[in-house]
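# What the coordinates show
What follows is the residue order along each chain.
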Amino acid sequence: MKSLVLICAALLAAGQCANAWQDQQGPPPPMRPNHGTMDRAMHVGPPGRWWSDPSMAETLGLTAEQQKKMDDIFQQSRLRLIDLSAGLQKEEAIMEPLLAADRPDEAKILVQIDKIAQARAELEKANARMLLGLRSTLTLEQWKKLQEMKPGQGPGPPMRPR
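The structure contained in this document is the topic of the report that follows.

Now for the packing of aromatic side chains. Tallied over the full model, the rule gives two aromatic pairs. Taken together, a centroid distance of 5.6 Å and an interplanar angle of 85° make the contact between W50 and W51 edge-to-face. Of the two residues, W50 and W51, neither departs from the other in class, the shared state being buried. For the pair W51 and F74, a centre-to-centre distance of 5.6 Å together with 70° between the ring planes defines the contact as edge-to-face. Taken together, the positions of W51 in the loop between α2 (37–42) and α3 (54–60) and F74 in helix α4 (residues 64–100) put the pair 23 residues apart, joining distant regions of the chain. Of the two residues examined, W51 and F74, each falls in the buried class. Ring-pair connections join several aromatic residues into one group, and the members of that group are W50, W51 and F74.

If you want it as structure tokens, here you go:
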């Protein structure tokens, strides 16, 4: 029981750190709370709307049509990501008083952990779908050029390390 409470507290702390980062950054970029294998495989360029950076677009040879398509994918996905992020925050907020109780109810906490995990999974899937859509807009040559760029190198603002 004690280890369960510690695990739940760690999950909440991680969520609060992500929320604080999000508050500092303004509107949420594509979510990347976990830098696992899928996230690294689906990584498509630096954070944010990098395809709108003129030097990045020139380096990759992006057409205006590609940029418009990427803007459309981003905008359509952004609204869903905002909703899913809010849903995850809501589930995490529901967990807080359960953990703060003098006598935590393990059954309720376990149910809430499942809800948090499901909300996080839905957020990750939506983000992966958006990244896949962005990637499918690129030609093979553009994709390879983008993969060759290292964090902090290439045109435009430095990429944040992963």
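Now that the structure has been shown, we can carry on.
If you check α4, its first and last C-alpha atoms are 53 Å apart, about what 37 residues at 1.5 Å a residue would give, namely 54 Å. The largest bend along α4 measures about 25° and falls at R78.

Once that is clear, we can look at the side chain of Q142. Checked against the element boundaries, Q142 lands in helix α6 (residues 140–148). A relative accessible area of 5% means that Q142 is categorised as buried. Excluding residues that lie within four positions of it along the chain, Q142 makes contacts with L60, G61, L62, Q66 and T137.

Looking now at the side chain of Q66. Tracing the sequence through the fold places Q66 in helix α4. Take Q66: its relative accessible area is 10%, and that puts it in the buried class. A polar atom in the side chain of Q66 sits 2.9 Å from the backbone nitrogen of T63. Residue contacts for Q66: discarding those within four places in its chain leaves G61, T137, L138, T139 and Q142.

What follows deals with the nonpolar core. The nonpolar side chains of a soluble globular protein tend to be buried with one another. The biggest cluster of nonpolar side chains holds 28 residues, and the ones touching the most others in it are V44, W50, L134, L138 and L146. Those elements that place two or more of their residues in this core are α3, α4, α5 (106–137) and α6. Looking at this core element by element, the count peaks at nine residues for α5. Excluding anything up to four places from it in sequence, L146 contacts V44, G45, W50, M56, L60 and L138.

Quick notes on the rules
- Residues numbered from 1 in each chain as written.
- Predicted model: local features only at pLDDT ≥ 70, side-chain atom pairs only at ≥ 80, totals over all residues.
- Heavy atoms only, no water.
- Phe/Tyr/Trp six-rings, centres within 6.5 Å; stacked < 30°, edge-to-face > 60°.
- Buried < 20%, exposed > 50% of the residue type's maximum accessible area, 1.4 Å probe, protein only.
- Helix = DSSP H or I, 4+ residues; strand = E, 2+ residues; numbered from the N terminus.
- Expected span 1.5 Å × (residues − 1).
- Bend = angle between axes of the 7 residues up to and from the residue.
- Contact = heavy atoms within 4.5 Å.
- Polar contact = N/O pair within 3.5 Å; in protein donor to acceptor, adjacent residues only side chain to side chain.
- Core = buried A, V, L, I, M, F, W, Y, C linked by side-chain atoms within 4.5 Å.

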